[in-house]
Amino acid sequence: MTDARKSLSAEDLRILGELERKVLWLASWMIHNANHLRENTDGLKVGGHQASSASMATILTALYFHVLRPQDRVAVKPHASPVYHAIQYLLGRQTREMLENFRAYKGAQSYPSRTKDADDVDFSTGSVGLGVAQTLFSSLVQDYVRAHGWGTDRREGRMIALVGDAELDEGNIFEALLEGWKQGLRNCWWIVDYNRQSLDAVVREGLWERYEQLFRNFGWNVVIVKYGSLQQAAFREPGGEALRRWIDACPNQLYSALVFQGGAAWRKHLLDDIGDQGDVTRLIESRSDDELAQLMNNLGGHDLPALIEAFDKVDHDKPTCFICYTVKGFGLPFAGHKDNHAGLMTPSQMDSFRMAMTIRAGHEWEPFEGLTTPQRKLESFLKNVPFAQGGTRRLTAPQIDVPLQLKVTVAPNMSTQTGFGALLNELAREQLPLADRIVTTSPDVTVSTNLGPWVNRRGLFAHERTPDTFRNERIPSTFNWEFSPKGQHIELGIAEMNLFILLSALGLSHSIHGERLIPIGTLYDPFIARGLDALNYACYQDARFIVAATPSGITLAPEGGAHQSIAQPLIGMAQDGLAAFEPAFVDELAEILRFSLDYIQKSGNGTASERNWLRDETGGSVYLRLSTRPIEQIRRSVTPELRQQIIDGAYWLRRPGPNCQVVVAYTGAVAPEAIQAVGLMAEDRRDVGLLAITSADRLNAGWTAAQRARDRGLVHARSHIERLLVGVPGNCGIVTVLDGHPATLSWIGAVYGHRVRSLGVEHFGQTGSIPDLYRHYGIDTNAIIAAAQQVAPGAPMRHLRPVRTAV
Ligand SMILES: Cc1ncc(C[n+]2csc(CCOP(=O)(O)OP(=O)(O)O)c2C)c(N)n1
Ligand SMILES: [Mg+2]
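Quick look at the structure, then. (Residues numbered from 1 in each chain as written. Chains lettered and ligands numbered in written order. Predicted model: local features only at pLDDT ≥ 70, side-chain atom pairs only at ≥ 80, totals over all residues. Heavy atoms only, no water.)

Re the overall build of the protein
Going by this rule: Numbering of helices and strands starts at the N terminus; helices are DSSP runs of H or I of at least 4 residues and strands are runs of E of at least 2. Throughout, the radius of gyration refers to the C-alpha atoms, and the reference size of a globule is 2.2 Å times the residue count to the power 0.38. Only protein chains enter the accessibility calculation, which uses a 1.4 Å probe; a residue whose area is less than 20% of its type maximum is buried, one above 50% is exposed, and one in between is partly exposed. The contact definition used throughout considers only heavy atoms, calling two residues in contact when any of these lie within 4.5 Å. Residues counted as positive are Lys and Arg, residues counted as negative are Asp and Glu, and His and the chain ends are not counted. Here the site of a charge means NZ on Lys, CZ on Arg, CG on Asp, or CD on Glu.
Across its full length, the protein carries 33 helices and 20 strands. Here the C-alpha radius of gyration of the protein, 31 Å, is about what a compact globule of 807 residues would show, namely 28 Å. Once the C-alpha set of the protein is aligned to its principal axes, its extents read approximately 105 × 70 × 50 Å. Taking all 807 residues of the protein together, 60% fall into the buried category. In the protein, the proportion of contacts linking residues at least 24 apart, taken out of those at least 6 apart, comes to 76%. Looking at charge distribution, the protein has the averaged site of its 82 positive side-chain charges lying 4 Å from that of its 89 negative ones.

Concerning the pattern of salt bridges
Once their charged atoms are close, side chains differing in charge can pair, the charge on each being opposite to the other. Rule in force here: When a carboxyl oxygen of Asp or Glu lies within 4 Å of a side-chain nitrogen of Lys or Arg, that pair is called a salt bridge.
Per the counting criterion, the structure on display carries 47 salt bridges. Note that Arg 73 and Asp 122 form a salt bridge whose closest N and O atoms lie 2.9 Å from each other. Of this pair, Arg 73 sits in strand β1 (residues 73-75) while Asp 122 sits in the loop between α4 (96-100) and α5 (130-147); the two residues are 49 residues apart in sequence, bridging distant segments of the chain. Accessibility classification places Arg 73 together with Asp 122 in one group, the buried group. The salt bridge partner of Asp 772 is Arg 775, with a shortest N-O separation of 3.6 Å. Note that Asp 772 and Arg 775 are positioned in helix α32 (residues 770-777) at a spacing of three residues, about one turn of the helix. Assessed through its relative accessible area of 35%, Asp 772 is described here as partly exposed.

Description of the coordination of the magnesium ion (ligand 2)
Note the cut-off: Metal donors: N, O and S atoms at distances within 2.8 Å, or within 3.2 Å for Na, K and Ca, with water omitted from the atom set so that some sites may seem incomplete.
Looking at the magnesium ion (ligand 2), the protein donor atoms are Asp 165 (OD), Asn 195 (OD1) and Gln 197 (O), and they sit 2.0 to 2.2 Å from it. Taken in sequence order, the residues that donate to the magnesium ion (ligand 2) follow the motif D-x29-N-x1-Q. Gln 197 shares its class with Asn 195; the two are buried.

With respect to empty space enclosed by the protein
Picture a little ball the size of a water molecule; that probe, rolled over the atoms, points out where space is still empty. Cut-off, in case you're wondering: Whether a set of points on the 1 Å grid over the protein atoms alone is a cavity depends on a 1.4 Å probe fitting there but being unable to get out, while an open set qualifies as a pocket with protein on both sides within 12 Å along at least five of seven lines; lining residues are those with an atom within 4 Å of a point. Grid points are joined across faces, edges and corners, and a volume is the space filled by probe spheres set on the points. Ten residues, namely Ala, Val, Leu, Ile, Met, Phe, Trp, Tyr, Cys and Pro, are considered nonpolar, four, namely Asp, Glu, Lys and Arg, are considered charged, and the remaining ones, Gly among them, are considered polar.
Counting across every chain of the model gives six cavities of 30 Å³ or more. Within this model, the largest cavity holds a volume of roughly 100 Å³. Lining the largest cavity we find 14 residues, and of these Pro 569, Ala 580, Phe 581, Glu 582 and Ala 696 sit closest to its centre. Elements supplying a minimum of two residues to the lining of the largest cavity: α24 (568-574), β13 (578-581), β14 (621-625) and α28 (696-711). Counting residues per element, the lining of the largest cavity draws most heavily on α24, at three residues. Of the residues assigned to the lining of the largest cavity, the class counts are six nonpolar, five polar and three charged.

Describing the layout of surface pockets
When its volume is computed, the largest pocket comes out at roughly 1,300 Å³. Asp 576, Gly 577, Arg 615, Thr 618 and Gly 619 are the residues nearest the centre of the largest pocket, which is lined by 47 residues in total. Listing elements by their share of the lining of the largest pocket, those giving two or more residues are α22 (509-512), α23 (532-540), α24, β13 and α28. Of the residues forming the lining of the largest pocket, the biggest block, eight residues, is contributed by α28.

Comments concerning the sheet that holds strand β19 (residues 733-738)
Paired through their backbone hydrogen bonds, the strands of a sheet run either parallel or antiparallel. Applied cut-off: DSSP-based pairing: two strands are paired if at least 2 bridges between them are found. With axes taken as lines fitted to C-alpha atoms, and helix axes fitted only over the stretch in contact, angles between N-to-C directions fall between 0 and 180 degrees.
Pairing is mixed in the open sheet, where five strands are placed in the order β16-β18-β17-β19-β20. Edge positions in the sheet fall to β16 (650-654) and β20 (755-759), since each has one partner strand and no second. When strand polarity is set aside, the average angle formed by the axes of neighbouring strands in this sheet is 25 degrees. Across four bridges, the pairing between β16 and strand β18 (residues 689-693) is antiparallel. In the strand pairing of β18, Tyr 651 is matched with Ala 692. Where helix α27 (residues 671-681) meets the sheet, it contacts β16, β17 (662-667), β18 and β19, and its direction lies at approximately 170 degrees from that of β17.

Any link to function would need more than the numbers given here.
Encoded structure:
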């Protein structure tokens, strides 16, 4: 933090000014090129945000060309992406080809992307609010890593978010703020682009005051960068105070409108309002229209000296919020216009802008075209920019070995949630590097998701040691709630958004902080929906973590209808970058967890395995859908073959014979019903099959990939589900069942065209016992047998009772 700042000469400032103009030009041109000059084959608007980009051009110039150090990390406001790419281009970290392909196939991305952009984006952004919170959690992770004695030879960086003012409407930002306060946040800067405009409109008056109070309440330092250096100088002139008062009192709408209208309108308004006050009249009259407009547009966020002074002045690690007054569309014809969010300059406006920038037609992409500073000097300046020192910004960390088998004692009756707690408890006892790198976290459901035993052994993380008062007072408690810098559990408040963004930050530690962590988060399955966008965001930036969600489905029975999850298995299937598992038995879970600990660390190439057609070497994150229902465990030893099948997604618990008429395929906690139904049906039918599905997601993904491989001519490609079902007679019916949406497994009928009846849960809200609810929603033994009767009519079933359907 305390590395000496390079002092800034007048010449440096002049060069920065030139670069600021260039950045604004390139960002605008990039968008113009994408919209007007590139072939448009589908008739869709391409878009890009010239106004939002212009709003931040000065701030990004100050940061990237002067303030930032290699160890600092930035989440750039999504719609300032063109400015970011333009800056990286000038720094030689982005190609012209990418800029020409802005928003096109494989070109520079619409919103900065860690995974899709080539110019070392630190944090992806796009869904507003998430990148902002990511910087806060990334800073906590930096502290966590260092507190554990890792990476201390690297310099501490600041985690910086460039925030749109309307972006602050997103609640997740405030959830993060509160968490940051609890956790002792440091080294975090949020720089607000206070242009007082959102997408649709001009924002409410006085928002800055709310922000200021709010940030201060959460222990932040607040810096307001309101006036540019021209304005500051004018305020020192006779009459300047009156001008300042007028600016301070001017409503946002009016200021924006006057910015749009320009010098003459400013003059008229100012003279009408304060023109009878002597000195200030002279102050106004001494300026031409252009000079007056320049003065009134010279807000702090467009003034390099004001910005640099504000940034350079911070000499502590307290979290700091900069509220920088800006003009949306600054320097462009639609500056200040309330409709400018999606506004694009017309070709003729762009032409005038080009000429104003002294850029020759045909030389628009050239980095130094139109600048007065000699090229060599600019090149040398850019080469010495602090940010550009030090190599690639992507760090790496070696993979941590995972034992071949995880220890766990399987009780005769056990739930997967208990099994999960037991597995982590065993890991906590081990003196393994793996166990030391695991960091768990939970949004106030640590105990109820069974992380308690792990936390008892490994402790909670905090900057400072705090003993467990209950323990000290000798009050009996099952849990040891002791905090220390060496603790390995980060206890969060209830906000699930924070859970997923923290997992995103922990799961990028190897790349951002150069130290690998193995993050495991827990929450209740229904509340995945609460943090879903953040989960998607974490996956989008390829963060690596395991999330265990429990309890799940209607199987949580008496815990109540409000907490039942239906759609989550489909989320598990559909979420890119997330492998979803729903085991029924604890020995399956042990294999899956072992696999997952390895899988989240992989970063190999994207070729698919010929066994399952999954790209396991690429790795990803993992979602474990677990249950609180104790079920009778199967006494068996897991053979290598079974182990593989559990990981690939399914295995035959009872192999179907050649005369098989019915197969029951189940997932998760309904295993006892499926087993019982098959047992009962076997009294009347021959060769009934029972397929245990541990991952509908991986089974389905492998099947899709194998079909694609065959499309490409790899005729022998076969997926795991195809191998499993290949011997099942064509006239056999399949009943699928799970505690979740029935569509999760219904696709299995399409593999070979078997008739399928899919049972699952489509409605929710009833409370009761498991038998009550399974009967009510039609996923009990009886419902399975009745469904089998429908898809594979055979001998009438002795055991069948009429089935009630739920509504
Ligand atoms: C979660 C989410 N909701 C909506 C949007 C669409 N959107 C993109 S920018 C924007 C307005 C942002 O205004 P502000 O943050 O003030 O940025 P400015 O353009 O003024 O710089 C909106 C609503 C989005 N990207 N993400
Ligand atoms: Mg705004």
